[in-house]
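Next come the chains, spelled out residue by residue.
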Amino acid sequence: MSDPITPEGFVALRVEYEQLMTVERPSVVETVSWAAGNGDRSENGDYIYGRQRLRQIDRRAGFLAKRMKAVTVIDPAAADRTHVRFGATVTIVDEQGDERTVTLVGDDESDAAAGRIGWNAPLSRALRGAAVGDVRRVTLPGGEREFEVAAIRYL
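Peer 1: Please give an account of helix α2 (residues 45-70) that cites residues and values.
Peer 2: An α-helix turns once per 3.6 residues; consequently, residues spaced three or four apart project the same way. Taking 1.5 Å of rise per residue, the 26 residues of α2 would be expected to cover 38 Å, and the 37 Å separating its terminal C-alpha atoms lies within 8% of that figure. For α2, the N-terminal capping position is held by N44, with its side-chain oxygen 3.2 Å away from the main-chain nitrogen of D46.

Next comes the structure, spelled out in structure tokens:
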């Protein structure tokens, strides 16, 4: 199966791609063309920077195009709501009683600071298929930990 992504995550990829190709790239191409017409290109900062920026834009746009072809959009609203599946927002409690809420999203959408963990992250893999009350053991960089699933929601 290809990599899963939420509908919102796919829209974010598409928006970034369109921004690069319809706004940023044409603007940089215009600057490079203008700078090329000014003579000596070897000492022309606008020309040199512009060419570098074009390469960056093309690399990023190529990456985004490949990712958009490689992902499968999965709508979490259609999931089995009694178990942890893709798109679930899960409240977990560790051995010390500390509560934490995470949302399982596509790897392209992960943002640990916002509580969005990638589908292939160790914690995400450990939580897959769990129901409320299940205890799961996961090996994290800080060592092995146990988490109990306290709640499962789908937004």
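Peer 1: Residue-level account of the sheet that holds strand β3 (residues 88-94), with values.
Peer 2: Pairing in this open sheet of 5 strands is mixed, and the strands run β5-β4-β3-β7-β6 from one edge to the other. Looking at strand neighbours, the two that pair on one side only are β5 (116-118) and β6 (135-140), the edges of this open sheet. In this sheet, adjacent strand axes meet at a mean angle of 45 degrees when their direction is disregarded. With 7 bridges connecting them, β3 and strand β7 (residues 143-154) associate as antiparallel partners. Within β7, the residue paired with T89 across the bridge is R153.

Peer 1: Before we move on, could you go through the layout of surface pockets and cite the residues and values that matter?
Peer 2: If you add up the space inside the largest pocket, you get close to 170 Å³. Around the largest pocket, the lining comprises 13 residues; the ones closest to its centre are T6, E8, P76, G87 and L155. By residue class, the composition of the lining of the largest pocket is 5 nonpolar, 4 polar and 4 charged.

Peer 1: Hey, could you go over the environment of K66 for me, with residue numbers and the actual values?
Peer 2: With respect to the helices and strands, K66 occurs in helix α2. Residue class for K66 comes out exposed when judged on its relative accessible area of 65%. When the C-alpha positions of K66 and N38 are compared, they lie 36 Å apart, and in sequence the two are 28 residues distant.

Peer 1: How would you summarise the pairing of β7 if you had to cite specific residues and measurements?
Peer 2: Both faces of the sheet carry side chains from a regular strand, because those side chains alternate between them. One ladder, built from 6 bridges, connects β6 with β7; its direction is antiparallel. In the sheet register, V138 faces β7, and the bridge partner there is R145. Between β6 and the antiparallel strand that follows it, β7, lie 2 residues.

Criteria and thresholds
- Residues numbered from 1 in each chain as written.
- Predicted model: local features only at pLDDT ≥ 70, side-chain atom pairs only at ≥ 80, totals over all residues.
- Heavy atoms only, no water.
- Helix = DSSP H or I, 4+ residues; strand = E, 2+ residues; numbered from the N terminus.
- Expected span 1.5 Å × (residues − 1).
- Polar contact = N/O pair within 3.5 Å; in protein donor to acceptor, adjacent residues only side chain to side chain.
- Pairing = 2+ DSSP bridges.
- Axes fitted to C-alpha atoms, helices over the stretch in contact; angles between N-to-C directions.
- 1 Å grid on protein atoms, 1.4 Å probe; cavity = no way out; pocket = protein on both sides within 12 Å on 5 of 7 lines; lining within 4 Å.
- Points joined across faces, edges and corners; volume = space filled by probe spheres on them.
- Nonpolar A, V, L, I, M, F, W, Y, C, P; charged D, E, K, R; others polar.
- Buried < 20%, exposed > 50% of the residue type's maximum accessible area, 1.4 Å probe, protein only.

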